[in-house]
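Survey of secondary and tertiary structure
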Amino acid sequence: MLEIRDLVCGYGTVTALKGLSLTVAEGQLVALVGANGAGKSTTLRAISGLVPARAGSIRFAGRDITGADPRTVLGHGIAHCPEGRRVFPQMSVAENLALGAYLRRDPAGVAADLARVYGEFPRLAERRRQMAGTLSGGEQQMLAIGRALMARPKLVLFDEPSLGLAPNIVERMFAVIRAICDAGTTVLLVEQNAFAALELCDDAYLLETGRIVLSGPGATLIADPHVRQAYLGG
Amino acid sequence: MTEFLQHLLNTLILGGTYALLGIGLTLIFGIMNVVNFTHGALYTVGAYLMYLAVTALGLGFFAALPTAILGGFLLGAVLDRVLLRPLRGADMDTTMLVMIGAGIVLQSGTLWLFGGVAKSIPTPFPDAPLQLGPVSVSWLRLFVLGAAASLIVLTYGLINRTRLGLAMRATFQDHDTAALMGVNVRLVYTATFAIGSSLAAAAGALLGPVYVVFPQMGGMAELKAFAIVILGGLGSITGAAIGGFILALAEELGAGYISSGYRDAMGFLIIIAVLVFRPTGLFAKAERIG
């Protein structure tokens, strides 16, 4: 479904991705793990068109989307749930969710998806008129996830959904993400929390300083001696 | 007491157009992070468009006003497309210098086209003022207040009730994430600059008939707009609306009770006072709001 080949990206003189290739098959939950600064977020930002590709190609559902702007990428069915949640703090929960469906022209479908998001996250329904900036970290993450789903995407990119959350909330987030994938939406998950991500995913890629150094089923990566030593604390 | 009531009435009328000026400027700063030094020139252009529409085009006074506002909107869209879009991502100083240059070009352009002699715009209103008990107000000024108030309400509704407004507020709060939601950020910027410009032009078109129209009229208007925005807090629309009325009140009282020579000094006194005592402005929180 998503196919990245030899992607090179950077900021100024820094090259963040040095020829990255990965594939996400339809219906799968694929994890991209690695240390801080390995280029995980840059990969997602390049897919969404926030960072231009210097070389290489990104194809989605048979289309070349290399160099497309974020609006076009979203229009093709890729939603992006950014790192640090990035909800709009001075807007209500309802307005944040409305922005998730900004490009959609089917009010009935949007209303149905809104009901689904509120059903999945009753806390958001209770606080629909509240400013998003006043929500707790966990609630903001739920909002960010709900907002991404409001686009009714074919593929969702999750960037560090566990960042800065309490352990029991993290567990809940991962369960939600698994459920999203099981319901038929393909997921590409970027995580620093390697163990949780590898347990959760179907396939995984390990990124080190801008290159994929290892890939395979999550269970295989968990058992890999290099991964165990470098990312799972022995 | 009568004198004071008269000052309050004048405040209301002047404040409406000041609020328009301030809202236009704060919108552009808040969403685009551009300090718009063409704001005063757009005010002047609005007044001249009104003059042209009434005299040369022979449109009626009431049809001339929307024409002038539309002219400001289009000029703003062109300025953004030609000058600001290529500079997006450039640092603020560069944009500021370019806008100062563009302001000079616009002001000199009006001088070149219309000459330095002040023009007056004929109006259809009766000369005799309306008596409201002890106070009086001209029909023209009453119309100016009504028009300014309508434009403020319209702008407020646009920002808080429409899809474009939602996109503008999202861009204001976080432009990258707004782009991820599918917001066409470039279009939002152009629309913002055009709307801000049209509000400046509207203020000029409304005050042009009250005073006279001349090429340098925008200079003082721009300084006042900056005073209003600094007072209300950069990027706060409500702050700019209230700031407009506060400046008008200060000017009225300063002119009425100190000396009429102090009218235009009040804006500067306000800037100094705000910067000394409350640098974020009266209504902006630590984090700027729409």
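Structure: see above.
Cut-offs applied
Residues numbered from 1 in each chain as written. Chains lettered and ligands numbered in written order. Predicted model: local features only at pLDDT ≥ 70, side-chain atom pairs only at ≥ 80, totals over all residues. Heavy atoms only, no water. Helix = DSSP H or I, 4+ residues; strand = E, 2+ residues; numbered from the N terminus. Rg over C-alpha atoms; globule rule 2.2 N^0.38 Å. Contact = heavy atoms within 4.5 Å. Pairing = 2+ DSSP bridges. Axes fitted to C-alpha atoms, helices over the stretch in contact; angles between N-to-C directions. Buried < 20%, exposed > 50% of the residue type's maximum accessible area, 1.4 Å probe, protein only. Arc of directions from axis to C-beta. Buried area = accessible area lost by both parts, 1.4 Å probe. Salt bridge = Lys/Arg side-chain N within 4 Å of Asp/Glu carboxyl O. Nonpolar A, V, L, I, M, F, W, Y, C, P; charged D, E, K, R; others polar. Phe/Tyr/Trp six-rings, centres within 6.5 Å; stacked < 30°, edge-to-face > 60°. Lys, Arg positive; Asp, Glu negative; His and termini not counted. Polar contact = N/O pair within 3.5 Å; in protein donor to acceptor, adjacent residues only side chain to side chain. Parallel < 35°, antiparallel > 145°, perpendicular 65-115°, else oblique. Left-handed = near helix turned anticlockwise from the far one by under 90°. Patch = residues over 30% accessible without salt bridge, like charges linked within 9 Å, V, L, I, M, F, W, Y side chains within 5 Å. Areas by Shrake-Rupley, 256 points an atom, 1.4 Å probe, with all protein chains shown as cover.

Observations regarding the overall build of chain A
Secondary structure assignment for chain A yields ten helices and ten strands. Scaling as 2.2 N^0.38, a compact globule of 234 residues should have a C-alpha radius of gyration of about 17 Å, and chain A matches this with 17 Å. With the C-alpha coordinates of chain A rotated into their principal frame, the extents come out at 45 × 40 × 35 Å. For chain A, restricting intrachain contacts to residue pairs at least 6 apart in sequence, the fraction spanning at least 24 positions comes to 66%.

A few points about the sheet that holds strand β8 (residues 186-191) of chain A
Residue and element names in this part refer to chain A. Pairing within the open sheet is mixed, and its six strands lie in the order β6-β7-β8-β3-β9-β10. Only two strands of the sheet have a single neighbouring strand rather than two, namely β6 (78-81) and β10 (211-217). Averaged over all pairs of adjacent strands, the angle between their axes in this sheet comes to 15°, without regard to strand direction. Where strand β9 (residues 203-208) meets β10, six bridges bridge the pair, whose relative direction is antiparallel. The residue of β10 that forms the bridge with Asp203 is Pro217. Along the sheet, helix α6 (residues 137-149) makes contact with β6 and β7 (155-159), crossing β6 at roughly 170°. The sheet contacts of helix α7 (residues 167-182) involve β3 (29-34), β7 and β8, and relative to β8 the element is tilted by about 155°.

Concerning the sheet that holds strand β1 (residues 2-11) of chain A
All names here are of chain A. The sheet built from four strands is open, its strands ordered β2-β1-β4-β5 with antiparallel pairing. Taken across any chain shown, the strands that pair with only one partner, and hence form the sheet edges, are β2 (14-24) and β5 (63-64). Packing of helix α1 (residues 40-48) onto the sheet brings it into contact with β1, β2 and β4 (53-60), and relative to β1 it is tilted by some 110°.

Quick notes on helix α3 (residues 93-100) of chain A
Each turn of an α-helix holds 3.6 residues, which means side chains three or four residues apart point in the same direction. Within the span of α3(A), buried status applies to A:Val93, A:Asn96, A:Leu97, A:Leu99 and A:Gly100. Down the axis of α3(A), the buried side of the element spans an arc of 155°, and every buried residue falls inside it.

Re the interface of chain A and chain B
Contacts between the two partners involve 21 residues from chain A and, on the opposite side, 20 residues from chain B. Interface area lost by chain A to chain B is led by A:Phe88, A:Gln90 and A:Tyr102, which between them contribute 33%. The tally of links from chain A across to chain B stands at three salt bridges. When the shortest N-O distance is used, the salt bridge between B:Asp176 and A:Arg45 registers 3.2 Å. Going through the elements one at a time, α1, α2 (70-76) and α3 of chain A are the ones with two or more residues in the side of chain A that touches chain B. It is α3(A) that provides the largest number of residues to the side of chain A that touches chain B, a total of four residues. Grouping the amino acids of the side of chain A that touches chain B by side-chain chemistry returns eleven nonpolar, four polar and six charged.

What to know about the packing of aromatic side chains
Residues and elements named next belong to chain B. The full count for this structure, using the stated rule, is eight aromatic pairs over all chains. Considering the side-chain rings of Phe62 and Phe125, the 5.8 Å spacing of their centres and the 85° angle between planes classify their relative orientation as edge-to-face. With Phe62 in helix α3 (residues 61-84) and Phe125 in the loop between α4 (92-114) and β1 (130-132), the pair connects residues that are 63 residues apart, well separated along the chain. Looking at Phe62, the relative accessible area reads 48%, which means it is partly exposed. Measuring from ring centre to ring centre gives 5.5 Å for Phe125 and Phe143, while their planes differ by 35°; the resulting arrangement is tilted.

As for the side chain of A:Asp159
All names here are of chain A. Secondary-structure assignment places Asp159 in strand β7. Despite its burial, Asp159 pairs with no opposite charge, the nearest such side chain being Arg45 at 6.7 Å. Separated by 2.8 Å, the side chains of Asp159 and Ser41 make a polar contact.

Comments concerning the packing of α3(B) against α4(B)
Residue and element names in this part refer to chain B. Close contact between α3 and α4 brings their axes to 12 Å; oriented N to C, the two are set at 135°. As far as their axial angle goes, α4 and α3 are oblique. The interaxial crossing formed by α3 with α4 has right-handed handedness. Of the residues in α4, those in contact with Leu75, Leu79, Leu83 and Leu84 of α3 are Thr95, Val98, Met99, Ala102 and Leu106. Here the residues of the contact of α3 with α4 are counted per class, giving eight nonpolar, one polar and no charged.

Thoughts on the environment of B:Pro129
All names here are of chain B. With respect to the helices and strands, the residue Pro129 is situated in the loop between α4 and β1. On the accessibility criterion, Pro129 (41% relative accessible area) is partly exposed. Between the C-alpha atoms of Pro129 and Met50, which are 79 residues apart in sequence, the distance is 23 Å. Not counting chain neighbours up to four residues away, the residues in contact with Pro129 comprise Ser136, Val137, Ser138 and Trp139.

Examining a nonpolar patch on the surface
All names here are of chain B. Residues Met1, Phe4, Leu5, Leu8, Leu249, Tyr257, Ile258 and Tyr262 make up a contiguous nonpolar surface patch of roughly 790 Å² in combined accessible area. Every element with two or more residues in the nonpolar patch is listed here: α1 (2-32) and α10 (237-258). On the secondary structure map, Phe4 appears in helix α1. For Phe4, a relative accessible area of 33% translates into the label partly exposed.

With respect to the environment of B:Gly40
Residues and elements named next belong to chain B. As for its placement among the helices and strands, Gly40 is situated in helix α2 (residues 39-55). Assessed through its relative accessible area of 2%, Gly40 is described here as buried. Each C-alpha atom, one on Gly40 and one on Gln107, is 8.7 Å from the other, the two residues being 67 residues apart in sequence.

Structural notes on the pattern of salt bridges
All names here are of chain A. Throughout the structure, instances matching the rule amount to 19 salt bridges over all chains. Between Glu139 and Arg123 there is a salt bridge whose closest N-O contact spans 2.7 Å. Of this pair, Glu139 sits in helix α6 while Arg123 sits in helix α5 (residues 122-126), placing them 16 residues apart in sequence. Overall, Glu139 belongs to the buried group, its relative accessible area being 6%. By relative accessible area, which is 38% here, Arg123 ends up partly exposed. What emerges from the salt-bridge pattern is a single network uniting Arg104, Asp106, Asp113, Arg116 and Arg152.

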